[in-house]
Amino acid sequence: MKFVRSVIVVGMVAVVCFVAGLVVRPYLKEDRLFSVYQQQIRGQPSSKQKPDEDGVFDTVAQTNFRNLITIRNSQDVERKRDALTSFLWRHTQSPFGRLPDKVEDHSLLLMNDILSIRSTERMVINMPLGVNSVAYLFAPMEPSSCLMFYQEGHRVSFLERKKLLRRLLDAGCHVVALSLPLTGGENSRPLLDHPRFGRVLLNDPDKFEIIETETLSTLQFFLTPPIVALNHVLASRRFERVGITGFSGGGWVATMVAALDPRFQYSYVVSGTVPTSVHAAALSWGSFEQRLGRLYEIATYPELYVMGAAGDGRRQIQFFNEEDPCCFSGENWRFWEEAVARRAGSLGGSFAIVGDEIGATHHIGQKFADMIVEDFASGPVATHAQK
């Protein structure tokens, strides 16, 4: 009997509350309800991290970058290279030792105004799913035993950097120029009939994220072409200096390739990569390949930087436009430079960062281009670490 009475009382209370709600609700204006909601969440921090006046995120400044570098010796470097290679080219052919699928003498009309070009070779590198990349080798009129790779970033062609390519050729360097896969006008843009995802038109490198699977790393599409092109060039030529430079997404390629392949003695990365703690603070910076946790668990960004510089005579310089409206602005770079430089130096190489304000635009800039050409073709230039 007691139980029944309790049930009746509870039911009556519920009915009264419901009726009261119906009566009172029309008198509660929406702005009043929203004001109550605002008060409720006012103490919750914004989902966007704001940097300080120097463009530095507090979480980056609080990161101990030395602890993110587990590399102690050359054996550690080789172990990480092997692990990265296994991850990136899982179930597919490794690029090491592989040659281009097609090589032909081919004059590129839009480069014909560079009088210091003696000859041009066009290389085609085929990859899974109908993706291919075209690389050009430009030989200078007066060679001086240097070979520089230039890797362009997202959505444009290496032809955007003709002034830089011209300067390298005038300095007597052979130049290999590449656009990112799916870009540049000559690289394929296949239409897939994917068994799991349906019809997918691959016409932008950002779409590789969609088809990244356990059995296929789409990051190989970025990294296979420069390594295969280097195999071809070195098969019949020798150089005292071999380097790679890249801008934006091409800077990510330069970072990865220098870490994977020690034949690249010099690497110059312009607005290309930042450690994961920076990406976590600024989610809009960079594309998916720069934020793939499974990759950077194998080798953190600071470790990749060490790997790109480790070895006798090897050298890596990063360049950051502190006013860049796209990405990687501010002075966050100051917090990992010393840790990486010390470890690279202990392994025989050198690492430095150049940060400067070169205008509110996402570009290489004349100053950075001058430093790259001078450092590679003539000898070391003064960097932040050397001043």
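Look above for the structure.
As a starting point, this report considers the structure included with it. (Residues numbered from 1 in each chain as written. Predicted model: local features only at pLDDT ≥ 70, side-chain atom pairs only at ≥ 80, totals over all residues. Heavy atoms only, no water.)

## Considerations on the pairing of strand β4 (residues 146-151)
Test applied: For the exposure calls, accessible area comes from a 1.4 Å probe over protein chains only, and a residue counts as buried if that area is under 20% of its type's maximum, exposed if over 50%, partly exposed in between. For helices the rule is a DSSP run of H or I covering at least 4 residues; for strands it is a run of E covering at least 2, with both sets numbered from the N terminus onward. Here a strand pair is declared whenever DSSP counts at least two bridges between the two strands. For the handedness criterion, the strands are oriented away from the viewer, and a crossover whose path from the first strand over the helix to the second runs clockwise is classed as right-handed.
Across the six residues that make up β4, a large majority, six, are buried. Of the two faces of β4, both are covered, the one formed by C146, M148 and Y150 as well as the one formed by L147, F149 and Q151. Pairing analysis gives six bridges linking β4 to strand β5 (residues 173-178), with the strands arranged parallel. For Q151, the partnering residue across the bridge sits in β5 and is L178. Regarding topology, helix α5 (residues 162-170) serves as the crossover connection from β4 to the parallel β5, and that connection is right-handed.

## Observations regarding the sheet that holds strand β11 (residues 350-356)
To keep it simple, the criterion reads: Geometry is summarised by axes, namely lines fitted to C-alpha atoms with helices restricted to the contacting stretch, and by angles between N-to-C directions that run from 0 to 180 degrees. Whether two residues are in contact is decided by their heavy atoms, any of which lying within 4.5 Å being enough.
Pairing in this open sheet of nine strands is mixed, and the strands run β1-β2-β3-β5-β4-β8-β9-β10-β11 from one edge to the other. Whereas interior strands pair on both sides, the edge strands pair on one side only; in this sheet they are β1 (102-105) and β11. Each adjacent strand pair in this sheet contributes to an overall mean axis angle of 15°, direction not counted. In this fold α5 packs onto β2 (117-126), β3 (132-140), β4 and β5, with an angle of close to 155° to the strand it touches most, β5. The sheet contacts of helix α11 (residues 334-346) involve β10 (315-321) and β11, and relative to β11 the element is tilted by about 160°.

## Focus on the pattern of salt bridges
Which entries qualify depends on this criterion: Note on definitions: salt bridges are taken to be side-chain nitrogens of Lys or Arg within 4 Å of carboxyl oxygens of Asp or Glu.
Applying the stated criterion to the full structure yields 20 salt bridges. Among the ionic pairs, D113 bridges to R166, the shortest N-O distance being 3.5 Å. A residue pair is termed long-range when its members are at least 10 positions apart, and D113 in the loop between β1 and β2 and R166 in helix α5 qualify at 53 residues. By relative accessible area, which is 41% here, D113 ends up partly exposed. Among the residues examined, R166 registers a relative accessible area of 29% and is labelled partly exposed. R294 is the partner of E212 in a salt bridge, and the nearest nitrogen-oxygen pair spans 3.6 Å. With E212 in the loop between β7 (198-201) and α6 (220-236) and R294 in helix α9 (residues 293-298), the pair connects residues that are 82 residues apart, well separated along the chain.

## Thoughts on a negative patch on the surface
Here is the rule: Only residues whose relative accessible area exceeds 30% and that form no salt bridge are eligible for patches; like-charged ones are grouped when within 9 Å, while nonpolar side chains (Val, Leu, Ile, Met, Phe, Trp, Tyr) are grouped when within 5 Å. Reported accessibility uses the Shrake-Rupley method at a 1.4 Å probe radius. Residues are deemed covered only where the shown protein chains occlude them. A residue counts as positive if it is Lys or Arg and as negative if it is Asp or Glu; His and the chain ends are not included. Lysine's charge is taken at NZ, arginine's at CZ, aspartate's at CG and glutamate's at CD.
On the surface, a cluster of negative charge is contributed by D52, E53, D54 and D58. D52 gets classed as partly exposed once you look at its relative accessible area, which sits at 38%.

## A word on unusual backbone geometry
Notably, L129 is not glycine yet its phi reads approximately 65°, a positive angle. Note on placement: L129 falls in the loop between β2 and β3. The exposure class assigned to L129 is partly exposed, which follows from its relative accessible area of 35%.

## Quick notes on helix α10 (residues 301-309)
Of all the nine residues making up α10, nine are buried; the element is thus mostly covered by neighbouring parts of the structure. G311 sits one or two positions beyond α10 and adopts a positive phi of about 120°.

## Observations concerning the packing of aromatic side chains
Aromatic rings considered in pairs are described by the distance between their centres and by the relative angle of their planes. Heads up, the rule is: Classification of ring pairs uses Phe, Tyr and Trp, with its six-membered ring standing for Trp, and accepts pairs whose centres are within 6.5 Å; under 30 degrees between planes counts as stacked, over 60 as edge-to-face, and the remaining range as tilted.
Tallied over the entire structure, the rule returns 18 aromatic pairs. Geometrically, the ring pair formed by F149 and F264 is edge-to-face, given 5.2 Å between the ring centres and 85° between the ring planes. Pair noted here: F149 is in strand β4 and F264 is in the loop between α7 (249-260) and β9 (266-270), with a separation of 115 residues, a long-range link. For the residue pair F149 and F264, the accessibility class agrees, reading buried in each case. With a centroid separation of 5.6 Å and an interplanar angle of 80°, the aromatic rings of Y266 and F376 are classed as edge-to-face. Taken together, the positions of Y266 in strand β9 and F376 in helix α12 (residues 366-377) put the pair 110 residues apart, joining distant regions of the chain.

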